[in-house]
Amino acid sequence: MTSLPILTVLWAIPMVGAVVVLLLPAAARTLVKWVALSVSLAVLVVAAVIAVRFDPGGEQFQFVENYRWIPSFGTGYILGIDGIALALVVLTAVLLPLLLIAGWNDARDQTSWGGRSAHIYFALTLAVEGMVLISLVSLDILLFYVFFEAMLIPMYFLIGGFGGQNRSKAAVKFLLYNLIGGLVMLAAVVGLYVATAGSDAFAAGTFDFRAIVAAVAGGEFVMNPAVMHLLFGGFMFAFAVKAPLWPFHRWLPDSAVEATPASAVLMMAIMDKVGTFGMIRYCLPLFPDSASYFSPLIITLAVIGIVYGAVVAIGQTDVMRLIAYTSISHFGFIILGIFVMTTQGQSGSTLYMVNHGFSTAALFLIAGFLVSQRGSRLISAYGGVQKVAPVLAGTFLVAGLATLSLPGLAPFISEFLVLIGTFTRYPVFAVLAASALVLSAIYILWMYQRMMTGPLPAALTDGEHKIRDLVPREIAVVAPLIAVLLVLGVYPKPALDVINPAVTHTLTTIKQTDPAPRMAEGPVR
């Protein structure tokens, strides 16, 4: 245990910051924004300190904090971070300041919050950040579950309070889908506690993740296969809804389109990653036999999601909905990499979580900046934008090329690793998943061609919908995202050096090894 509870500091800063923002005077709208931004930068500093001090070759979980919480329930306040969680913590900490800057004016037209719309908007955003961070570093299953569910509430209000015309319907749909998944998981969490209470491996029921995993790996805690499958299904269902995995994805397109661009990125690039993180953190080590048993089914759904998301994206007329469907395809790649249970697959999947966060943020926010000027999400309402806004068009192209995993940009490395890891064990699924590379080129390049090239409509050259190039505030958001995509595209080693040991430890715990290379048969010439 470290002398400074740095993981508590990490998640407490945005939570306390959210309260402070709410308590500021109603007239201090500008101050609210700067305080929220300062809080998010403080979180980034703490995350940077953790990243620098983290030893990839050391203990699996570092900066561990362990305090009594509710001893009678076998639950404690236990925090710790490994390489997988660290990658997502850094992603969250880097994106939040950029999202706050991107959404700087998102609350200005809201008048239904008693003159405190800016206070509520920025406080809710900081609350989501704090809840995501504690979910990523929690080593107590009940503690994780509490914040896994609690983060839905501020996100619901961000969608329903600050979104588009149909925001109320989208917010309710988002909440219902995720609450149903959470209720099923709650039953599984309680079931796991009862199973530990009835096992000789534990003196009493427990929610201690490390203790349960150690007992499972050592053969001391053995569950009835039917019970284990049910518990695995409860956890997996909740994570599949959150991720989302096809066919549990129906809430995502509406929520992403109706939310403000910054809130949509907060949801897709940060909050939804808790779902895929939960799969690799909880589903595999707690229920390794069930994960192996159901992996062909989950891989099948993931591949369907990869192809489905890409095909449906091609047919979209709404630019924001198109980008939302690309995320469904990308989440399919992430889940595929997790459940092929190979080193390359899981390392690629974890790196994909990070890269998807940055690429989706770049593409969605740039599109949002454009839509806010024109007032329309229809692709057909644009054309020739590169003539009047070359910086916007150029960064949009780079973000789009990153989304289709062009070599030299960050998502290519992660997608390549997932496909290689899949091919070594499931070559047919790898080939099917690879077809999305062609489909993604179609929807990204066709979208760019229709929106950014060709003749410039008269509506975009004069009047209130005249298109301008990115202003300094927008450049301050886009430039770091493009830089990260370029740097991780040519030099992903620092990220993989942190991720690989954690992945190896996970595979060793569940007793999975990479398939042996297959040699071609035939005479040697």
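Quantities reported herein were computed from a predicted structural model and do not represent experimental measurements. (Residues numbered from 1 in each chain as written. Predicted model: local features only at pLDDT ≥ 70, side-chain atom pairs only at ≥ 80, totals over all residues. Heavy atoms only, no water.)

## A short note on the overall build of the protein chain
Move 1: On a plain count of helices and strands, the protein chain comes out with 21 helices and 2 strands.
Move 2: Computed over the C-alpha atoms, the radius of gyration of the protein chain is 23 Å, within 12% of the 24 Å expected from 2.2 N^0.38 for a compact globule of 525 residues.
Move 3: Taking the principal axes of its C-alpha atoms as reference, the protein chain extends roughly 75 × 75 × 40 Å.
Move 4: The 525 residues of the protein chain split such that 59% are buried.
Move 5: Restricting to contacts in the protein chain with at least 6 residues of sequence separation, those with at least 24 account for 81%.
Move 6: Roughly 19,400 Å² of accessible area belongs to the protein chain as shown, and the carbon and sulfur atoms make up 68% of that amount.
Move 7: Counting 27 positive and 25 negative side-chain charges, the protein chain places the averaged centre of each group 8 Å from the other. (Helix = DSSP H or I, 4+ residues; strand = E, 2+ residues; numbered from the N terminus. Rg over C-alpha atoms; globule rule 2.2 N^0.38 Å. Buried < 20%, exposed > 50% of the residue type's maximum accessible area, 1.4 Å probe, protein only. Contact = heavy atoms within 4.5 Å. Areas by Shrake-Rupley, 256 points an atom, 1.4 Å probe, with all protein chains shown as cover. Lys, Arg positive; Asp, Glu negative; His and termini not counted. Charge placed at Lys NZ, Arg CZ, Asp CG, Glu CD.)

## Side note on helix H11 (residues 261-271)
Move 1: A large share of H11 lies buried, amounting to 10 of its 11 residues.
Move 2: Burial in H11 covers these residues: Ala 262, Ser 263, Ala 264, Val 265, Leu 266, Met 267, Met 268, Ala 269, Ile 270 and Met 271.

## Notes on the pairing of strand S1 (residues 62-70)
Move 1: Two strands pair when backbone bridges link them, and S1 and strand S2 (residues 75-81) are joined in this way by 6 bridges, in the antiparallel orientation. Residue Tyr 67 lies in a different strand from S2, and its bridge partner there is Tyr 77.
Move 2: Linking S1 to S2, which pair antiparallel, is a turn of 4 residues; within it Gly 74 sits at a positive phi near 70°. (Pairing = 2+ DSSP bridges.)

## So, the pattern of salt bridges
Move 1: According to the stated counting rule, one finds 6 salt bridges in the structure shown.
Move 2: When the shortest N-O distance is used, the salt bridge between Asp 82 and Arg 281 registers 2.8 Å. Highlighted residues: Asp 82 in the loop between S2 and helix H3 (83-102) and Arg 281 in helix H12 (residues 273-286), separated in sequence by 199 residues.
Move 3: Two residues, Arg 377 and Asp 318, come together in a salt bridge whose shortest N-O distance is 2.6 Å. (Salt bridge = Lys/Arg side-chain N within 4 Å of Asp/Glu carboxyl O.)

## Digging into the UniProt feature "domain: NADH:quinone oxidoreductase/Mrp antiporter transmembrane" (unreviewed entry) in the protein chain
Move 1: Within the UniProt annotation, "domain: NADH:quinone oxidoreductase/Mrp antiporter transmembrane" (unreviewed entry) is assigned to residues 138-436.
Move 2: Across residues 138-436 one finds 78% helix and 0% strand; the C-alpha atoms that close the span lie 35 Å apart. (UniProt positions renumbered as here; feature names shortened; annotations may be inferred.)

## Here we look at the pairing of S2
Along any regular strand the residues' side chains alternate between the sheet's two faces.
Move 1: With 7 of its 7 residues buried, S2 lies for the most part within the structure.
Move 2: Where burial is concerned, the two faces of S2 agree: the one with Thr 75, Tyr 77, Leu 79 and Ile 81 and the one with Gly 76, Ile 78 and Gly 80 are both buried.

## Some points on the environment of Val 189
Move 1: Looking at the secondary structure, you find Val 189 in helix H7 (residues 167-197).
Move 2: A relative accessible area of 2% means that Val 189 is categorised as buried.
Move 3: Sequence-wise, Val 189 and Gly 234 are 45 residues apart; in three dimensions their C-alpha atoms are separated by 8.1 Å.
Move 4: Non-local contacts of Val 189, meaning those with residues more than four positions away in its chain, are made with Ile 141, Tyr 145, Phe 207 and Phe 235.

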